[in-house]
Amino acid sequence: MNKIVLITGATSGIGFACARKFAENGDRLILTGRNEHRLNEIRKELTEKGSDVLTLAFDVRDREKAAKYIQELPAEWQEIDVLVNNAGLALGLEPEYEGNPDDWETMIDTNIKGLLTMTRLVVPGMVERNRGHIINVGSVAGDAAYAGGNVYCATKAAVKALSDGLRIDVANTAVRVTNLKPGLVETNFSNVRFKGDEERAKKLYTGIKPLTGDDIADVAVFAANAPEHVQIAEVLILATHQASGSVIVRK
């Protein structure tokens, strides 16, 4: 049965890859992001390939706007089957004691509070219907801190704790919860972290073949389509020459 899949942060990287992979699976898509122009481009691309796509331009940090969009979904889009909480970012690699408080707030408000907002808006309907799947995009960074990661690592540790807590909360229902924990993925993630410094971003991937957004999206689609009695709770996905968040062998 085709599902309604809501993906946050769908305009690039893992979110965009998830949109393409779920579209290829025949699912109907609700795509959210801050860049309305990019959302329109993606909708055009996917609808031309036969997909049914609805786009909503808002920032997950804006709780009131998120609530308005979700609560005013057309009737045919309201029964969301899969929520992919993908919107997130890292900013800076300074020591914690030298960090930018504005960067801290942006990461916490997006990676933690934005995820909570979308969960609060979508999951009650899943519980009421006794079906649904939440896929949170965490990170290997949530398992252990690495140099310069401090606040970002803390936000992804929170994603793990929130995923585990939600799984406990819905254990009496047929709703499933998955935490995907990617390692080194080559997207615009590092460009954002280094605030447009492309040379610095490129160095992160030198000497190793990193994961792609498609690699993570493949796992998301697999988890969402596992048999109903199977809950893929957590998946750590690393490049072959990456052993942890801080151990990367470059050749």
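Analysis parameters
Residues numbered from 1 in each chain as written. Predicted model: local features only at pLDDT ≥ 70, side-chain atom pairs only at ≥ 80, totals over all residues. Heavy atoms only, no water. Axes fitted to C-alpha atoms, helices over the stretch in contact; angles between N-to-C directions. Helix = DSSP H or I, 4+ residues; strand = E, 2+ residues; numbered from the N terminus. Parallel < 35°, antiparallel > 145°, perpendicular 65-115°, else oblique. Left-handed = near helix turned anticlockwise from the far one by under 90°. Contact = heavy atoms within 4.5 Å. Nonpolar A, V, L, I, M, F, W, Y, C, P; charged D, E, K, R; others polar. Expected span 1.5 Å × (residues − 1). Buried < 20%, exposed > 50% of the residue type's maximum accessible area, 1.4 Å probe, protein only. Arc of directions from axis to C-beta. Phe/Tyr/Trp six-rings, centres within 6.5 Å; stacked < 30°, edge-to-face > 60°. Lys NZ or Arg CZ within 6 Å of the ring centre and 35° of its normal. Core = buried A, V, L, I, M, F, W, Y, C linked by side-chain atoms within 4.5 Å.

Asker: Please clarify how the packing of helix H1 (residues 13–24) against helix H8 (residues 213–224) should be interpreted in this entry.
Answerer: What describes two packed helices is the angle between their axes and the distance between those same axes. Running from amino to carboxyl end, H1 crosses H8 at an angle of 50 degrees, the nearest separation of the two axes being 8 Å. Relative to H8, H1 is oriented oblique. Crossing angle aside, the handedness with which H1 passes H8 is right-handed. Contacts between H1 and H8 involve Ile14, Ala17, Cys18, Arg20, Lys21 and Phe22 on the former and, on the latter, Gly213, Asp214, Ile216, Ala217, Asp218, Ala220, Val221 and Ala224. Grouping the constituent residues of the contact of H1 with H8 by class yields 9 nonpolar, 1 polar and 4 charged.

Asker: I tried to follow H8 on my own but got confused; where do I start?
Answerer: Every α-helix carries 3.6 residues per turn, so stepping three or four residues along brings you back to the same face. Helix length check: H8 (12 residues) gives 17 Å between terminal C-alpha atoms against 16 Å at 1.5 Å per residue, within 8%. Regarding H8, the residues found buried are Gly213, Ile216, Ala217, Ala220, Val221, Ala223 and Ala224. Here the buried residues of H8 occupy an arc of 160 degrees about the axis, which is enough to place them on one side. Each element contacted by the buried residues of H8 is listed here: H1, strand E4 (82–85), strand E5 (132–137), strand E6 (175–182) and strand E7 (234–237).

Asker: How should the packing of aromatic side chains be read in this particular structure?
Answerer: Any pair of aromatic rings gets described here by the distance separating the centres and the angle formed by the planes. Tallied over the entire structure, the rule returns 1 aromatic pair. One cation-aromatic arrangement involves Arg20 over Phe16; the distance from NZ or CZ to the ring centre is 4.9 Å.

Asker: Explain the nonpolar core here, please?
Answerer: Side chains that are nonpolar tend, in soluble globular proteins, to be buried together. Formed by 37 residues in total, the largest nonpolar core has its most connected members in Ile7, Phe22, Leu29, Leu31 and Val84. Per element, the largest residue contribution to this core is 7 residues, and it comes from H1. If sequence neighbours within four positions are ignored, Leu29 has contacts with Val5, Ala19, Phe22, Ala23, Leu46, Asp52, Val53, Leu54 and Trp77. With 23 residues, the next largest nonpolar core counts Ile30, Phe58, Met126 and Ile134 among its residues.

Asker: Would you mind showing me how to read H1 here?
Answerer: With 12 residues, H1 extends 17 Å between its outermost C-alpha atoms, agreeing within 8% with the 16 Å of an ideal straight helix rising 1.5 Å per residue. Counted residue by residue, H1 has 9 buried out of 12 residues, so it is predominantly covered. Considered for burial, the residues of H1 that qualify are Ile14, Gly15, Phe16, Ala17, Cys18, Ala19, Lys21, Phe22 and Ala23. In the stretch just after H1, Gly26 is the one whose phi turns positive, near 90 degrees.

Note that all results are geometric; they support no functional claim without further evidence.
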